[in-house]
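Summary of structural features
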Amino acid sequence: MHTHHDAAVAAMTDVPTNNRSALTRRAWRQTLTRMTMVCGVSGALFFAAGCGSETPMAVSPEAIAAAPAARAFGIWTPTSTELCSAEVHNRYATLGPDGKKYPTWHPPTDPVSGCSFGHEHGRDPRGSRLYRTVGDLPFGYANERLDAANLGMARHEDHVGHKIEWENDLKIRPGGNAGAALEVSCDVLVKLHQGTHSKDAFTNNLHELNYHIECSDRTSMHVTLLSAIGRPGEFVSSCGGTIQAGTATPANAPHGGGHRRIPDANCILSRILVGAGQQSDFGSLHESWETHNEIRRADGHRLASFNPYFQVFRPSRFFDPAAPGVVGRPVALCAMTIGDRRARGNECAGLTTTVDGSLLSVPFDDPRSGFNGARRQVDINDNVIANAGGPTVWYTDPFGQNGRPEPFPGSIRQMIAAINNDYGVGVNGPVIGAGRSYGGAGTRAPN
Amino acid sequence: MLTPHPLHISPLRRARTTGYRRPVFVRSAASSLATAAAPTVSCTPTRVRVRRDAPSLAVACAQSLLIALCAALAMLGVMARTLHAQSSPTQTPSTQAPRTSPTTKADSGIGAALRRSADRHGLWGSVGVGRARAGLDCDACSTSTSGAYAVHGTIGVRITPRFLAGAETFAWLDVIGGGVDRIVRGTHLIGRSYPFSHAPVFLQGGVGVASFEVNDGDVAFLTRSASLSLAAGVDWHVAGMTVTPTVAAVTTTGGKLTSDRTGNAVTDNARLGLLRTSVALSWFR
């Protein structure tokens, strides 16, 4: 059994007291400042000495093996004999705050057996500074809590859609000229279930989001919820306009802010199938899930809000109402022609063959296809907290609502700093993950 | 105890050895000071919001000088009382003989004490301009500093031939271009020492309050806290004037950095740093 951090223990630990690295840095800076004052040399020392030896507490494999399985555990099965077995995959597990075992991050290739899982979960969270306090992320915990919340709805997601991204020391400059006086440094660790290979997101707006952020201006949030991204049953086309795609699961899913911007056939066919002398616009194969999330008390007071945007380049699907299952495959466009119009560009190189005079593309789940959703980025936008004087631990329902200081059935423990950090200037746009691709090593759709 | 020192270069020495006095002027000035320092007159500095759209250098300078004057008056009053109470027969001849009329009931109080102090020990003051670099240091502050013009004014009294005390106010005004104004303001009680008998070099230290404001016309961030200053300079007598080049550093102990739009603090420990070079015109009487 793979050894992972005890997420339950981590969740019960106050982040501020554990973040010794940050405290150490602050202590250094204070010491240096005092030295500066004594010497009469001022305003020129900005050092940060990052150090710390904290490591996640280990959970014994036996404890994980003995724990009851959550709904999300064990749902992945290999789609090809080339891939690792489910048994190998299930070794990557952790305990959730509810004591159940959940799947968690694993590398695209099992380092022990060398087999490929065919999918990836993004950046290895163990490199995040927040991993010391967050530990392994239990995939599907918020979905599990929805089952226990007695809200008359259920929402479970597949395994491969869980995508992690993080960055240490992300520099955030508030907007406006006055904001230039500030340079907030943040450690960010996020995970969204963002499946871009199936029809799920065409209609379903509830997706599990883990959002962890700690900043030098004392902003601190550790939040897990089901993010309602836009409205259920519909999405926004990459070319604009709302497309009614069907019935959501659950049908009574709450409406949320933001939207899921997904390419559809009408939009991309004209951009990718082009005439001679033109280049296909493969950039139109781009999904942007722009979330707006709020943590609210039971009385409606907004404790926190944050708006990360999750973007995927070259997904393995687009909405095509004429296709089986309403899912079109971008790689199939490489072999499609309409008159003299066809896909033109390097993206299709090596992805087609001619059989009996017919041009055929490789299957959508061929590892050679670059349309696998492995290139992503996250925009870190406003992180507003209005919790001055409040407790740092709140329990909310799986949607981040009805926050109370004490737990209740189906509640999720959220941690929010006891500050107000609305300065009257907005923060938009620091990007994490741009330029990274988690493909390779056998990664393929569905991913 | 006041003891003459053989200062042969400093204008301080010149003032004392030549017995340079302007009793009428001093009396007049002292009377004005007494009026200004009367308890019924409030000299409490109040925060004057600089216009966001077009910050005025003149307004900031005037405010700074006003703050300095108020602080100096208050401090001089206290010092004059103290000096008066500590006057002893062992004082040197140059300072023993009272140059003013005997104290009367109407002539008692702070004003009279100031006048006597000025008469015995001498006043001094200076006004300077220069360049300075300033910036904020906090966990959430930009590490960038910027350079801009700075002004400062000082007024005080000579405690001994080698030690002066007074008040200084200063401002640093990064208000030209850039779409954002950065302004540092502060007022310090200062002590200045001339440690060398053969050179008019001085060291100066001060304590007080300083603030840093950055304002783009839409939102402003402000921090204000106790501050310290250290300075070194030299008094040069040039063509009948005293020119005083100075290098000074100012830092604060750290305070909240708050947004004026929401009142929320970005940090509780924003520290100002300022390094200034300037040239001042000084007067010693």
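To be clear, the structure that these remarks concern was listed above.
Residues numbered from 1 in each chain as written. Chains lettered and ligands numbered in written order. Predicted model: local features only at pLDDT ≥ 70, side-chain atom pairs only at ≥ 80, totals over all residues.

Let us now look at the interface of chain B and chain A. If you look at the interface, chain B gives 35 residues, while chain A gives 27 residues. Taken together, the elements giving at least two residues each to the side of chain B that touches chain A come down to strand E1 (123–137), strand E5 (201–215), strand E6 (220–234), strand E8 (241–252) and strand E10 (265–284) of chain B. Per-element tally for the side of chain B that touches chain A: the top contributor is E10 of chain B, with 7 residues. Here the side of chain B that touches chain A is built from residues that sort into 17 nonpolar, 12 polar and 6 charged. (Contact = placed C-beta atoms within 7 Å. Helix = DSSP H or I, 4+ residues; strand = E, 2+ residues; numbered from the N terminus. Nonpolar A, V, L, I, M, F, W, Y, C, P; charged D, E, K, R; others polar.)

Bringing the sheet that holds strand E16 (residues 337–338) of chain A into the picture now. Residue and element names in this part refer to chain A. One open sheet holds the 3 strands; their spatial order is E10-E17-E16, and the pairing between them is antiparallel. Because the sheet does not close on itself, it has two edges, and the strands there are strand E10 (273–274) and E16. Looking at chain direction, E16 and strand E17 (residues 341–343) are connected through 2 bridges and run antiparallel. Residue pairing in the sheet places threonine 337 in a bridge with arginine 342 of E17. (Pairing = 2+ DSSP bridges.)

Residues and elements named next belong to chain A. If you trace the 6 strands from one edge of the open sheet to the other, you get E3-E4-E5-E6-E23-E22, paired in antiparallel fashion. If you trace the sheet from one side to the other, it starts and ends with strand E3 (162–172) and strand E22 (393–396), each paired once. Between one strand axis and the next, the sheet turns through 25° on average, direction left out of account. Bridge count between strand E6 (residues 220–228) and strand E23 (residues 412–416): 2 bridges; the pairing is antiparallel. Paired with histidine 222 across the two strands is methionine 415, which belongs to E23. Contacting strand E5 (206–215), E6 and E23, helix H7 (residues 141–148) crosses the sheet at an angle of about 65° to E6. (Axes fitted to C-alpha atoms, helices over the stretch in contact; angles between N-to-C directions.)

Residue and element names in this part refer to chain A. Of all 8 residues making up H7, 6 are buried, and the element is well covered by its neighbours. Those residues of H7 that fall on the buried side of the exposure criterion are Tyr141, Ala142, Asn143, Glu144, Arg145 and Leu146. Looking at the buried positions of H7, the neighbouring elements they touch are strand E2 (101–103), E5, E6 and E23. (Buried ≥ 20, exposed ≤ 12 C-beta atoms within 10 Å, placed from the backbone.)

Of the residues making up helix H9 (residues 265–272) of chain A, those classed as buried are Cys267, Ile268, Leu269 and Ile272 of chain A. Next to the buried residues of H9 of chain A lie strand E7 (234–237), E10, strand E14 (318–319), helix H10 (330–333) and E17 of chain A.

Attention shifts here to the pairing of E22 of chain A. Residue and element names in this part refer to chain A. Only one face of E22 is covered, namely the one carrying Trp394 and Thr396; the face carrying Val393 and Tyr395 has none of its residues buried. Where E22 meets E23, 4 bridges bridge the pair, whose relative direction is antiparallel. Among the inter-strand pairings, tyrosine 395 is bridged to a residue of E23, identified as arginine 413.

Turning our eyes to something else, we now look at the nonpolar core. Counting 97 residues, the largest nonpolar core has Met221 and Ile416 of chain A together with Trp172, Val184 and Leu274 of chain B as its most contacted members. Ala201, Phe319, Val331 and Leu351 of chain A belong to the second largest nonpolar core, which has 24 residues in total. (Core = buried A, V, L, I, M, F, W, Y, C linked by C-beta atoms within 7 Å.)

With that settled, the discussion passes to the environment of leucine 222 of chain B. All names here are of chain B. Relative to the assigned elements, leucine 222 resides in strand E6. Leucine 222 gets classed as partly exposed once you count the C-beta atoms within 10 Å, which come to 19. Considering only alpha carbons, one finds leucine 222 and serine 211, 11 residues apart in sequence, at a separation of 7.1 Å. Not counting the four nearest positions on each side in its chain, leucine 222 is found in contact with Ser211, Glu213, Thr258 and Asp260.

In this section: the environment of asparagine 150 of chain A. Residues and elements named next belong to chain A. In this structure, asparagine 150 sits in the loop between H7 and E3. Looking at asparagine 150, the number of C-beta atoms within 10 Å reads 10, which means it is exposed. The sequence separation of asparagine 150 and glycine 410 amounts to 260 residues, and the corresponding C-alpha distance is 7.4 Å. If sequence neighbours within four positions are ignored, asparagine 150 has contacts with Pro409 and Gly410.

Moving on, we get to the environment of glutamine 401 of chain A. Note on placement: glutamine 401 of chain A falls in the loop between E22 and E23. Spatially, the C-alpha atoms of glutamine 401 of chain A and alanine 69 of chain A are 26 Å apart, while their sequence positions differ by 332 residues.

Before going further, it helps to examine unusual backbone geometry. All names here are of chain A. Cis geometry is adopted by the peptide bond preceding proline 250, which originates at threonine 249 and carries an omega value of 0°. Mapping proline 250 onto the fold places it in the loop between strand E8 (242–244) and strand E9 (257–262). Put simply, alanine 445 and proline 446 share a cis peptide bond, and its omega is -5°. With phi around 55°, asparagine 150 is a residue other than glycine that occupies positive phi space.

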